[in-house]
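# Notes for the structure review
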Amino acid sequence: MTEPGAPAPEGEPIIRLRALRREYRMGSQPVPALDGVDLDVPRGELLVLMGASGSGKSTLLNIIGCLDQPTSGSYGLEGREVTTLPEPDRVRIRREKVGFIFQTFHLVPRMTALRNVELPMVFAGVEPRERRQRASETLEAVGLAHRVAHRPPELSGGERQRVAIARALAMRPPILLADEPTGNLDSKTGEEIVRILIDLNARGQTLLVVTHSEELAKIGHRILRMKDGKFL
Amino acid sequence: MPLGDLWGLLLETLRTQRLRTFLTMLGIVIGMGSVVLLSSIGEGTRQGVLAQFSQFGSTIVGVQPGKVKTFGVGPGSIGGTTHPLTVEDGLALRRLPGVVGSAPHIVGSGEVETNDRTRFTLVYGTVADDRRVLRWEPRIGSFLPDGDPDQIPAVCVLGSTVANDLFPGSNPLGARVRIGGTRFTVVGVMQSKGQVLGFDMDDLAIVPVKRAMRMFNRVDVNEIHLLAASHEMIPRAMEGATRVLRERHGGEEDFTLTSQADVLEVVDEVLRVMTAGVLAIAGIGVLVGAIGILTILWVGVHERTAEIGLMKALGASDGQVMLVFLAEAGALSLVGGAAGVLLGAGGAWALGAVAGVWVSTPVWIIPLTLGVSLAVGLAAGVVPAVRAARLDPVGALRAE
């Protein structure tokens, strides 16, 4: 996993942030979580965001994933301004443009691996037959073909995160957002996950990884460090 | 979101929480079960009472002496005069168009004696027409003979209880009995009618009306039963009866006509109101069930906060999140309602079979119960569902 990142791709950025601010209100005092962030992410980049807790990296990831709204500034996704979009369009972005991978996996424990991967396609209204087909293909791609019928409690941590990656990939989003994807895993299992991420990127997947593991950071084409809501 | 997908999500949730699902539904099951049970009893009682009333035919019009359309003191007691109703009044009414039977009758009680046995019973004096009016046939022998009431021979027809009591194991036809000191020949025994509204119809002796009047030293009858040819003929029969009786009573309307249909309508109305009242009480149970669903769903939203955040991160719209929770509420209450229907109808059936209670589960209660269950469940689900839909996904995902 110490492989050096390949040279960063260039071209029209898929993500373009300008003067992005996000403030939270603590009493009467506005506290900035993001304090004027500018960022261009070219298609196919593997970008690593680092920083201590509260530095604003998760907020940035949530805004890019349309889970959160900036207080001000501009966010362009594939050339389209996102900040002014109405909610239904933002839902569509969450569905089709981004896939989330979480530190704690966030699998639904009562559903099988296959059903978990199907879930985003259920919300997107993909036909059941096609859905199942795609879900099992995606699980196969992350090496879990033999685990489709298992529920999360029957899976190891690494397997769970692989199910989560398959779920993030199910809708074939152009952007993958991973928030501490190895944070809950031992180093050996973490390595498996990292290999999968590198693999995905090698096939052109744009990937944003938030971590404070220096080890994981090495896989990035570019490492951006954050502090107090700004890039260092 | 297609229904099938919603159903899939639902099953996965409810299956893993079987006990909770069961307990949540219990309130609705009990509430709806009691609604069905009580309405079955209410409807059964209504039908039972109506059947008892209408077994004598619903085209009967009763003629009573005195004008009793208003409250207060009985007729004739303050001012005015009340002509008694007579057998001749009854015969006059018999000739009216639309009237197919007229039975002036008198009721008293007396002893019926054979050589070795005596029974105190109801003595019912009437005419041959009453057989048609009451829709009551002799089991053996014949009813009172037709003809001029003054010329009817001293014959009697016994109720089955009286016949069995006085003539155990032997045929009473042709036997001589003394009723109230007068000799009668038994010509028939009536079919058993059993209890009608608490009154034993089989414990009586039927004698010609004029002989009964003499026996009780009366010049008038208690009541005249008219039998209209059909429902449609009732108003015409009543009109004619009023005209004829007024003429015969010197222009005074000192009698009252009551059609059986009117009585039935009143009884029906009373029983309907009673049933509705009982149902309203059962409705409280349904309300409690609804509160149960609301509570459990509210807790569920809280417990599944992270999952709701996840759903949103995976591209679920607020509407879809709401739908998932509403569907859960709807399914819980609908299944609960269905179980309640089964339980209530089964309970009613058992009550009828074992305890002999009058029950009849009205068919319309089934769609009504299911509809109300669904509506109540959805209503109870709205608040938790809206709360789930409005959760901020970032905060929700952090909850664990």
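From a predicted model like this one, the values you see are computed outputs, not experimental measurements.

## Focus: the overall build of chain B
From N to C terminus, chain B includes twelve helices and twelve strands. Here the C-alpha atoms of chain B give a radius of gyration of 33 Å, more than 25% beyond the 21 Å that 2.2 N^0.38 yields for 400 residues. Taken along the three principal axes of its C-alpha coordinates, chain B extends 105 × 55 × 35 Å. Going through the 400 residues of chain B one by one, you find that 48% of them count as buried. For chain B, restricting intrachain contacts to residue pairs at least 6 apart in sequence, the fraction spanning at least 24 positions comes to 79%. Of the charged side chains in chain B, 32 are positive and 36 negative; the average position of the first set lies 2 Å away from that of the second.

## Details of the packing of helix α8 (residues 260-303) of chain B against helix α10 (residues 318-355) of chain B
Residue and element names in this part refer to chain B. At a minimum axis separation of 11 Å, α8 and α10 run at an interaxial angle of 145 degrees. The handedness of the crossing between α8 and α10 comes out as right-handed. In this structure, α8 contributes I293, L297 and V301 to the contact, and α10 contributes F325, E328, A329, L332 and S333. Tallied by class, the residues present in the contact of α8 with α10 amount to six nonpolar, one polar and one charged.

## Let's talk about the domain arrangement of chain B
Partitioning chain B into structural domains gives domain 1 (3-52 + 266-398) and domain 2 (99-228). For domain 1 of chain B and domain 2 of chain B, the distance between their C-alpha centroids amounts to 57 Å.

## With respect to the interface of chain B and chain A
Contacts between the two partners involve 25 residues from chain B and, on the opposite side, 22 residues from chain A. On the chain B side of the contact with chain A, E12, L310 and L314 of chain B bury the most area, a combined 26% of that side's loss. On the surface where chain B and chain A come into contact, there are two salt bridges. R115 of chain A is paired through a salt bridge with E12 of chain B; the nearest N and O atoms lie 2.7 Å apart. Where chain B packs against chain A, one counts eight residue pairs in polar contact (both at pLDDT 80 or more). Mapped by element, the contributors of at least two residues to the side of chain B that touches chain A are α1 (3-16), α9 (305-313) and α12 (393-398) of chain B. The class makeup of the residues in the side of chain B that touches chain A is eleven nonpolar, six polar and eight charged.

## Points about the packing of helix α3 (residues 87-94) of chain B against helix α7 (residues 234-248) of chain B
Residue and element names in this part refer to chain B. Contact geometry of α3 with α7 gives a least axis separation of 10 Å together with a crossing angle of 140 degrees. The angle between the axes of α3 and α7 places the two elements in the oblique class. As for how α3 packs across α7, the hand of that crossing is right-handed. Where α3 approaches α7, its residues E88, D89, A92 and L93 are matched on the opposing element by A241, V244, L245 and R248. In the contact of α3 with α7, the residues fall into five nonpolar, no polar and three charged.

## Points about helix α2 (residues 18-54) of chain B
Here α2 of chain B is 37 residues long and its end C-alpha atoms lie 51 Å apart, about the 54 Å a rise of 1.5 Å per residue gives. Bending of α2 of chain B peaks at approximately 35 degrees at the position of M25 of chain B.

What counts, and where the lines are drawn
- Residues numbered from 1 in each chain as written.
- Chains lettered and ligands numbered in written order.
- Predicted model: local features only at pLDDT ≥ 70, side-chain atom pairs only at ≥ 80, totals over all residues.
- Heavy atoms only, no water.
- Helix = DSSP H or I, 4+ residues; strand = E, 2+ residues; numbered from the N terminus.
- Rg over C-alpha atoms; globule rule 2.2 N^0.38 Å.
- Buried < 20%, exposed > 50% of the residue type's maximum accessible area, 1.4 Å probe, protein only.
- Contact = heavy atoms within 4.5 Å.
- Lys, Arg positive; Asp, Glu negative; His and termini not counted.
- Charge placed at Lys NZ, Arg CZ, Asp CG, Glu CD.
- Axes fitted to C-alpha atoms, helices over the stretch in contact; angles between N-to-C directions.
- Left-handed = near helix turned anticlockwise from the far one by under 90°.
- Nonpolar A, V, L, I, M, F, W, Y, C, P; charged D, E, K, R; others polar.
- Domains from an automatic or database assignment.
- Buried area = accessible area lost by both parts, 1.4 Å probe.
- Salt bridge = Lys/Arg side-chain N within 4 Å of Asp/Glu carboxyl O.
- Polar contact = N/O pair within 3.5 Å; in protein donor to acceptor, adjacent residues only side chain to side chain.
- Parallel < 35°, antiparallel > 145°, perpendicular 65-115°, else oblique.
- Expected span 1.5 Å × (residues − 1).
- Bend = angle between axes of the 7 residues up to and from the residue.

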